[in-house]
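If you want the building blocks of each chain, they are given just below.
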Amino acid sequence: MDAYDIFKKLTKGLTFKHRVLGVNNNNTLLKPVKKEEIEIKQEQISDNEEDSQSLSEHTASESEGQSDQEDNDLQLIDGVKVGKKKKKEKKEKSEDLKKKLLLEEQNRFRNEHGIKTVGRHVPAALQDFSELMSRYNVSQGLVDTVRECGYTEPTPVQRQAIPCMLEDRQILACAPTGSGKTAAFLVPILHSLGPPQGGPRALILCPTRELAHQIYREALRLSASTLLRCSVVKNIKESKVKEREATIRKSDIVVSTPNRLCYLLNQDTVNISLDKVRWLVIDEADKLFEGSADQQSDFRQQLEQVLAACGGRARRLAMLSATHTPAVAKWARHHMRGVINVTVGQRNAATNLVDQKLLFCGNENGKLVAFRQLVQEGLKPPVLVFVQSKDRAKQLFKELIYDGINVDVIHADRTQMQRDNVVRSFRVGRIWVLICTELMGRGIDFRGVNLVINYDFPPSAIAYIHRVGRAGRAGQKGRAITFFTQDDIGNLRSIASVIKQSGCEVPEYMLQLKQNPNKRKKLMKKAPSRDKISTILEKRPDKRKLDAANAVIADKSKPTDSIKNSKNNKQRKIVNGNTQNKHKKEVTEKGNKVKKRKKKALGNKNKKAGN
Ligand SMILES: Nc1ncnc2c1ncn2[C@@H]1O[C@H](COP(=O)(O)OP(=O)(O)OP(=O)(O)O)[C@@H](O)[C@H]1O
């Protein structure tokens with residue numbers, strides 16, 4: 001007896017409504033039902049099918065009802081509607097995705113323009129100036145003025161700095177020389193100040209008077225469509241103090257050097273309130289922070305005084321420069337909450353619009369010869385020539401004026417009026433070659449400077465970047481030639497690296513030179529002493545040649561140290577022989593005169609005594 005027979009016996013006379021289906025469906029345990037049996041039960045089956053259908057329908061509706069019930073139960077958990085929660089999550093996810101895509105798009109746009117930012121919630125960069133109206137409600141008048149200045153497209157620093165400042169964010173911006181940083185801070189200030197109120201609400205500090213005047217001129221130009229009043233703190237003679245005070249009190253935007261502003265603030269008779277200042281801009285920030293510890297503390301003290309005077313809580317800071325130093329970054333970290341760092345291109349790099357070259361000149365005579373050669377080959381004005389001190393500026397000026405070159409000179413010893421006249425003449429092309437000191441190295445915007453000549457090697461790579469940046473501005477190309485001698489080797493490698501970085505060629509050996517940090521620091525503090533710039537020098541013996549000759553002589557005869565020294569001393573005496581003899585003669589003549597006077601006085605005394 002198999003399982004089927006047992007099942008039959010056991011189920012004799014019984015009807016299994018559901019089992020029938022089960023039998024059909026499950027024949028693994030039970031044998032398949034025979035055909036006749038199926039036919040007998042067919043009727044029952046169809047009835048049952050209906051039942052089961054209605055049952056399944058019922059069950060479905062029941063389970064639906066149950067799931068509804070479950071849903072209702074879930075909806076009641078903590079009063080949160082789960083269904084809606086899911087929808088909300090979905091929506092949030094899609095919003096997140098949208099945001100991510102938007103951020104990616106913004107980053108791609110920034111990359112295209114060489115903009116890097118560090119900070120939280122950085123506003124999107126500007127696509128064009130008209131976006132200022134749609135995004136920030138900037139007046140049509142201001143946008144039109146910007147365009148009238150010839151600014152059709154924002155420069156990279158303007159694309160990022162303007163929205164940041166319009167959203168009231170503090171910035172630390174580093175962008176190449178000549179890339180339009182001035183308009184980058186002026187445009188948002190001009191919009192955010194609204195109608196004029198009187199009493200400074202924006203204060204712009206920069207290192208030199210020339211730069212202050214330049215920023216002031218740009219502010220005047222850009223504010224043409226507004227009624228805002230701009231002023232620059234001019235010379236602060238005692239007689240003018242009251243006049244300056246009145247001007248500042250009436251102005252909305254004030255441009256000054258820190259020295260002049262603090263001088264005025266410290267006058268007992270002067271009452272200037274900086275309470276309403278909303279924007280404090282520090283242009284060429286790293287220059288103001290640079291220098292010896294004393295100089296640094298000078299500016300820091302001044303800055304602290306100004307910050308204290310701008311007591312308002314709404315005060316925001318913007319610091320800009322073409323170069324970035326750790327001192328500025330550190331200060332910004334401590335004093336600028338929520339600051340956004342904006343960097344365009346590579347940090348501390350020279351503009352790639354300037355073709356740069358290094359020229360070894362041997363000695364000071366070599367420099368003058370090289371300069372004259374450049375003139376002979378044909379200089380394309382305007383040309384800026386940098387020297388390391390005002391004395392050397394005067395010396396070179398004397399040399400070049402005798403060569404018949406259309407040249408002038410600017411340095412700290414000239415009066416303000418002379419300085420202003422020189423700058424104006426150079427701007428309009430009356431002067432072709434302008435000799436200057438580091439004074440003009442920062443920020444000054446002479447349109448179309450074709451060539452910068454570093455007659456004296458710059459004291460640092462930073463100074464080099466700013467000097468050559470006087471050419472190659474606002475998209476125009478330029479050239480820079482830097483003379484160097486043996487005295488400048490200490491800084492050669494760092495400057496050669498800057499040149500190489502900006503895409504120009506430099507001999508490989510320069511990049512391999514050993515760095516001496518102490519020597520570099522020394523050179524930054526004090527420029528090397530150089531022979532006077534003078535054609536007469538050519539007739540004088542070269543001291544270095546003499547020293548070299550002495551060394552050869554000393555080596556040949558192998559004398560002892562003391563003999564060597566005496567030999568050098570003797571040589572020194574020969575070099576300065578004429579001067580020393582002259583000096584000796586003068587001393588003897590003076591001595592004789594004194595003796596004669598004494599003799600005469602003694603004679604008179606004796607006469608009187610005799611009388
Ligand atoms: N969007 C623009 N399109 C064309 N030219 C511009 C634009 N913005 C500014 N300029 C021009 O570029 C020149 C350089 O501008 P600016 O003096 O502000 O440069 P900078 O970045 O401050 O340079 P530096 O670091 O040397 O001080 C100026 O002549 C200015 O008129």
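Residues numbered from 1 in each chain as written. Predicted model: local features only at pLDDT ≥ 70, side-chain atom pairs only at ≥ 80, totals over all residues. Heavy atoms only, no water.

What follows deals with the overall build of the protein chain. On a plain count of helices and strands, the protein chain comes out with 24 helices and 14 strands. Per-residue burial for the protein chain yields a buried fraction of 41% across its 611 residues. Residue pairs in contact within the protein chain that sit at least 24 positions apart in sequence constitute 76% of those at least 6 positions apart. As presented, the protein chain carries roughly 35900 Å² of accessible surface, and 51% of it is formed by carbon and sulfur atoms. (Helix = DSSP H or I, 4+ residues; strand = E, 2+ residues; numbered from the N terminus. Buried < 20%, exposed > 50% of the residue type's maximum accessible area, 1.4 Å probe, protein only. Contact = heavy atoms within 4.5 Å. Areas by Shrake-Rupley, 256 points an atom, 1.4 Å probe, with all protein chains shown as cover.)

This brings us to the pairing of strand 11 (residues 407–410). Alternating positions in strand 11 separate into two faces, V407 and V409 on one and D408 and I410 on the other, with burial throughout. In this structure, strand 11 lies alongside strand 12 (residues 433–436), joined through 4 bridges in parallel fashion. Bridging across to strand 12, D408 finds its partner in L434. Regarding topology, helix 17 (residues 416–428) serves as the crossover connection from strand 11 to the parallel strand 12, and that connection is right-handed. (Pairing = 2+ DSSP bridges. Right-handed = clockwise from strand over helix to strand, strands pointing away.)

For the rest of this paragraph, the subject is unusual backbone geometry. Of the consecutive residues P381 and P382, the connecting peptide bond is found in the cis state with omega at -5 degrees. As for its position among the elements, P382 is in the loop between helix 15 (364–377) and strand 10 (383–386). The phi torsion at N348 lies on the positive side, around 50 degrees, for a residue other than glycine. Within the fold, N348 resides in the loop between strand 8 (340–344) and strand 9 (354–362). You can call N348 partly exposed: its relative accessible area is 24%.

Looking now at the site of the ligand. Around the ligand, 20 residues are found, and the nearest of them are Y151, G178, K181, T182 and D445. In this structure, K181 approaches the ligand through a side-chain N or O atom, which is 2.8 Å from an oxygen atom. Considered on its own, the ligand offers 640 Å² of accessible surface; in the complex 92% of this is hidden by protein. Taken together, the residues of the shell around the ligand sort by class into 4 nonpolar, 8 polar and 8 charged. Taken domain by domain, the makeup of the shell around the ligand includes at least three residues from each of domain 1 (114–344) and domain 2 (354–525). (Near = heavy atom within 4 Å. Polar contact = N/O pair within 3.5 Å; in protein donor to acceptor, adjacent residues only side chain to side chain. Nonpolar A, V, L, I, M, F, W, Y, C, P; charged D, E, K, R; others polar. Domains from an automatic or database assignment.)

Looking at the protein chain, the domain boundaries give domain 1 (114–344) and domain 2 (354–525). With centres defined by C-alpha atoms, the gap from domain 1 to domain 2 works out at 28 Å. In this assembly, 17 residues from domain 1 lie in contact with 18 residues from domain 2. Interface area, domain 1 with domain 2, both sides summed: about 1600 Å², of which 49% is carbon and sulfur. If you look at where domain 1 meets domain 2, you find 3 salt bridges. (Buried area = accessible area lost by both parts, 1.4 Å probe. Salt bridge = Lys/Arg side-chain N within 4 Å of Asp/Glu carboxyl O.)

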